[in-house]
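Examination of the molecular architecture
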Amino acid sequence: MVVLSSFPPPAEGIKLVQPNTGAFINTRDLGQGTLYIAESRVSWVSTLSGQGFSLEYPHISLHAVSKDPAAFPQECLYLMLDSRLDEPDEVLENDDSGDEESTSEMSEVRFIPEDRGTLDAMYHAMTVCQTLHPDPNDSVSDDTEEGEYCLDAGESADNDHDNGETENMESDMGQFEDADPEH
C-alpha cells in the first residue's frame, strides 16, 4: 500500500538531492517533487502537497537507468520493488485476479528528473547506497575466502585425477623452487 504522508526528508547520509523530479508508482503519476537518495532510504516529497513516500533499500530489488521509450515514454531512474505498492482503488480492482500472483508481488517506481543529464548521478548515488544494504539471502557469502568453492554432492577433490589435471598440478608445484626469495 502506498501511503503518501507528510514527513521530514532524511537529514543524515544524503548522497543526492534532486529537485523537480517526477515520480510514478506503477502507472500512477504522483507529480513533481524532490528526490532524496540517502544512505538509509530513498524518499520523494511532492512539491505541491508536501506529502511523499520512502523506500528502504532491502525492498529495492533492482535499479537502473531506463532510456527505452517502448518501456516508458521518458528517460528515468527505474526501481523494481519486491512488494506490491497499491492505491486503495487498485487493491479492490486486483482482489479478484489471484492468477497473477507473481506480478502482484512487485511494483515499479520511476523517477523522472527535469534535467535528464542527472540520471547517471542518480544511478550512481543509488548504487553506492544500495551496497550499504546487502541482501541477507544473497548466495555470495562474505566468510568464504578467495579460491574456495563448494563441491556438488558426490564430487570430491580426489576425483580430478580422472582427467590428469591433478598430476599436472603436482609437477608444476616445484617449478619455483629455484627462484630467488625477495628479502
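As recorded in an unreviewed UniProt entry, the protein goes by the name Methylosome subunit pICln, listed as coming from Daphnia magna. Per UniProt, the protein has the following entry under Sequence similarities (unreviewed entry): "Belongs to the pICln (TC 1.A.47) family."

Quick word on the confidence of the model for the protein
The pLDDT averaged across the protein works out to 77; a share of 63% of its residues lies at or above 70. Under a pLDDT of 50 for its full length, residues 88–103 has, in the predicted model, 8 contacts with residues more than four places off or in other chains. pLDDT under 50 marks residues 155–167. Its contacts with residues more than four places away, or in other chains, come to 6 contacts.

Comments concerning the nonpolar core
Ranked by size, the top nonpolar core spans 23 residues in total, and within it I37, F53, L55, V109 and F111 carry the most contacts. The set of elements that each furnish at least two residues to this core consists of strand 2 (14–25), strand 3 (28–38), strand 4 (41–46), strand 5 (51–56), strand 7 (76–81), strand 8 (107–113) and helix 3 (119–131). With 5 residues, the top contributor of residues to this core is helix 3. With residues near it in sequence (within four places) discarded, F111 still touches T21, G22, A23, L35, V42, W44, F53, C76, L77, L79, L119 and M122.

Some points on the packing of aromatic side chains
Within this structure, the stated rule accounts for 3 aromatic pairs. When the centroid spacing of 5.9 Å and the interplanar angle of 35 degrees are considered together, the rings of W44 and F53 count as tilted. Centre to centre, the rings of F53 and F111 are 6.2 Å apart; their planes meet at 15 degrees, and the pair counts as stacked. A residue pair is termed long-range when its members are at least 10 positions apart, and F53 in strand 5 and F111 in strand 8 qualify at 58 residues. Each member of the pair, F53 as well as F111, is classed as buried. Of the aromatic side chains, those joined through ring pairs into one cluster are W44, F53 and F111.

Each value, and the rule that gives it
- Residues numbered from 1 in each chain as written.
- Predicted model: local features only at pLDDT ≥ 70, side-chain atom pairs only at ≥ 80, totals over all residues.
- Heavy atoms only, no water.
- UniProt positions renumbered as here; feature names shortened; annotations may be inferred.
- pLDDT = per-residue confidence, 0-100.
- Contact = heavy atoms within 4.5 Å.
- Core = buried A, V, L, I, M, F, W, Y, C linked by side-chain atoms within 4.5 Å.
- Buried < 20%, exposed > 50% of the residue type's maximum accessible area, 1.4 Å probe, protein only.
- Helix = DSSP H or I, 4+ residues; strand = E, 2+ residues; numbered from the N terminus.
- Phe/Tyr/Trp six-rings, centres within 6.5 Å; stacked < 30°, edge-to-face > 60°.

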